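Results of the structural survey
So you can see what is in the structure, the chains are spelled out below.
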Amino acid sequence: MDLGLVSKDTTWWVFTLPAFLGSKNLLDAYVLFSLFIAFLSLALISWAFAVGGIAWKNGRNNKGTVPIPGPRGLPIFGTLFTLSRGLAHRSLAAMAWTRSNTQLMAFSLGSTPVVISSDPHTAKEILTSPNFADRPIKQSAKSLMFSRAIGFAPNGTYWRLLRRIASSHLFAPKRIVAHEAGRQLDCTIMLRNIANEQKLQGVVSLRKHLQFAALNNIMGSVFGKRYDENEDIDELEELKGMVREGFELLGAFNWSDYLPWLSYFYDPFRINERCLKLVPRVRKLVKNIIEQHRKQNDESKKLSDNGDFVDVLLSLDGDEKLKEDDMVAVLWEMIFRGTDTTALLTEWVMAELVLHPDVQAKLQLEIDGAVAGKALTDADVAKLPYLQAVVKETLRIHPPGPLLSWARLSTSDVQLSNGMVVPANTTAMVNMWAITHDPHVWEDPLQFKPERFLEADVDVRGGDLRLAPFGAGRRVCPGKNLGLVTVNLWVAKLVQHFGWVQDSDRHPVDLSEVLKLSCEMKFPLHALAVEREGNLLP
Ligand code: HEM
């Protein structure tokens, strides 16, 4: 029996749709408009799902003979969620490996087109090309004056001037040598504090000692000022607070950097407001220090290699002379770049040494053989190949900037040797972590084996892209020599004076990572520091 519940007339929608839309005829303008909107939405959705995501619309990734492959991501957001939380270097490496997109992968961060290389050859082409010498600037960096400092100043006359000042004055080899006394002093204080903590607590939490030594060391080099933990309590707290706040603001993932319209109603970390509060505090502190240097007007200090960075900047003349606000930006950036990188790299080295007692013993043998209980100097350290190998292996397994900290920006269309073309105004990243963990590049990449660097030496200062933790090319880290000399000396002295033993029951070593401005140990390292006979503390 036919109950008439099912319409046999397949054209029913021709009448119901116009009725539903309030029209009598499908050809009504209103219906046509609705269909047009539906069509547009469909087009928008398919555009949103283009290869590489929304920011790669109109075949932007098809300019070369070989298109740049990449994940489609979500409409509007692209791959933002992958980068905004967790360990972005690992997620991006997994994505590149599973899709076989290691040479270059295109993706979208909101409306920003991004390419990422997880391969030494393309990485070298990107980092060393003059067409990638710019950086995309984050809102917080701009608000915190960093667009006038070396790291974010756009490629041009001003940035080239800053790089020249950095290489011929601030980080000149003779100045690094002249600052050895400061490195030794900060290390001596650290060793004594460690011995005290071991006596009082029965275990040492190393991070705070390293952070204090690194902060004091960079304050000494930059401002010629060192703090006493017991006497300068308030001043030190204010400084630490400012550095902490700056790190948080620069390290925070700001959605508005990629979705600018969001800034009108969504700023969960109150980034703008906090930057506006921090800048006057920084200006006041740095300007006071500059003023003190001006008053002292110590000509001999300005001309000697022992002078601090303020002395150097004040002594510049003619074309090289900087305005006071630019000096504040340059000096403050040094505090940021120099503090956490040295401390957290040393902590990673020490964690690996605690986990590998055989490596630690071999290192102690090398040091004892070279200096036999005497005070170690930079010159001694430079002659310890196994120490260099241990630090390099740590840089390989735990690069402090796994995505090389801050990205690059293409200033014109760039043709790569593999046939791909990166269009102008594309953010370019290098996943150094993916390269240093790639089994096609490194044998047994997950194993901590410093010996690999004794068999074949590798230049970690930007010459070999299989391991370039300081970046490469024109924007390579200008502080790389200072950073390496400090970490090498401190690690050598830490293992010369103490045997570092795992506190297995209370604080087993955990190598989990957390990615902030740099990638650091999620759980601070705790270990037993056993004083070594015949190596009295300085
Ligand atoms: C273990 C220590 C360090 C590591 C791993 C490190 C790593 C890096 C990396 C990966 C870059 C980006 C390079 C590129 O884009 O190719 C960079 C840039 C930079 N670093 Fe370092 N760094 C360290 C220590 C330092 C120190 C001690 C200072 C200064 C006191 C410093 C100052 C800078 C500056 C100013 C830039 C920006 C350069 C530019 O854009 O022209 N770094 N660093």
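For clarity, every value in this text was computed on a predicted model and none was experimentally measured. (Residues numbered from 1 in each chain as written. Predicted model: local features only at pLDDT ≥ 70, side-chain atom pairs only at ≥ 80, totals over all residues. Heavy atoms only, no water.)

On to the coordination of the iron atom of the ligand, then. With respect to protein ligation, the iron atom of the ligand binds only Cys477 (SG), at 2.3 Å. Mapped onto the secondary structure, Cys477 falls in the loop between helix H20 (452-455) and helix H21 (480-497). (Donors = N, O, S within 2.8 Å, 3.2 Å for Na, K, Ca; no water. Helix = DSSP H or I, 4+ residues; strand = E, 2+ residues; numbered from the N terminus.)

For the pair helix H10 (residues 206-223) and helix H15 (residues 324-355), interaxial distance at closest approach is 8 Å and the crossing angle is 145 degrees. The handedness of the crossing between H10 and H15 comes out as right-handed. Note on element contacts: H15 touches H10 through Leu331, Met334, Ile335, Gly338, Thr339, Thr342, Ala343, Thr346, Glu347 and Met350, opposite Leu206, Arg207, Leu210, Gln211, Ala214, Leu215, Ile218, Met219, Val222 and Phe223. Classifying every residue of the contact of H10 with H15 by side-chain character gives 13 nonpolar, 5 polar and 2 charged. (Axes fitted to C-alpha atoms, helices over the stretch in contact; angles between N-to-C directions. Left-handed = near helix turned anticlockwise from the far one by under 90°. Contact = heavy atoms within 4.5 Å. Nonpolar A, V, L, I, M, F, W, Y, C, P; charged D, E, K, R; others polar.)

Turning our attention to the pattern of salt bridges. Within the structure shown, the criterion is met by 29 salt bridges. One salt bridge in this structure joins Glu513 and Arg90, with 3.0 Å as the shortest N-O distance. Here Arg90 lies in helix H4 (residues 88-98) and Glu513 lies in strand S9 (residues 513-515), a separation of 423 residues in the sequence. Between Glu245 and Arg274 there is a salt bridge, with its nearest N and O atoms 2.9 Å apart. You can see Glu245 sitting in helix H11 (residues 233-251) and its partner Arg274 sitting in helix H12 (residues 271-296), a full 29 residues away along the chain. With respect to class, Glu245 is no different from Arg274; both count as buried. Salt bridges sharing common partners tie together Arg283, Lys287, Glu291, Arg294, Glu324 and Asp325. (Salt bridge = Lys/Arg side-chain N within 4 Å of Asp/Glu carboxyl O. Buried < 20%, exposed > 50% of the residue type's maximum accessible area, 1.4 Å probe, protein only.)

Assigned domains within the chain: domain 1 (16-49) and domain 2 (139-531). The C-alpha centroid of domain 2 is placed 58 Å from the C-alpha centroid of domain 1. (Domains from an automatic or database assignment.)

With that out of the way, let us pick up the packing of aromatic side chains. Scanning all chains against the criterion turns up 13 aromatic pairs. With a centroid separation of 5.8 Å and 80 degrees between ring planes, the pair formed by Phe253 and Trp255 is classed as edge-to-face. Of the residues examined, Phe253 reaches a relative accessible area of 17% and is grouped as buried. The interplanar angle of 55 degrees and the centroid separation of 5.7 Å between the aromatic rings of Trp442 and Phe453 together place this pair among those described as tilted. A residue pair is termed long-range when its members are at least 10 positions apart, and Trp442 in the loop between helix H19 (432-436) and H20 and Phe453 in helix H20 qualify at 11 residues. The burial state of Trp442 is the same as that of Phe453; both residues are buried. A connected cluster of aromatic rings, assembled from ring pairs, spans Phe77, Phe81, Phe253, Trp255 and Tyr258. One cation-aromatic arrangement involves Arg60 over Trp56; the distance from NZ or CZ to the ring centre is 5.3 Å. (Phe/Tyr/Trp six-rings, centres within 6.5 Å; stacked < 30°, edge-to-face > 60°. Lys NZ or Arg CZ within 6 Å of the ring centre and 35° of its normal.)

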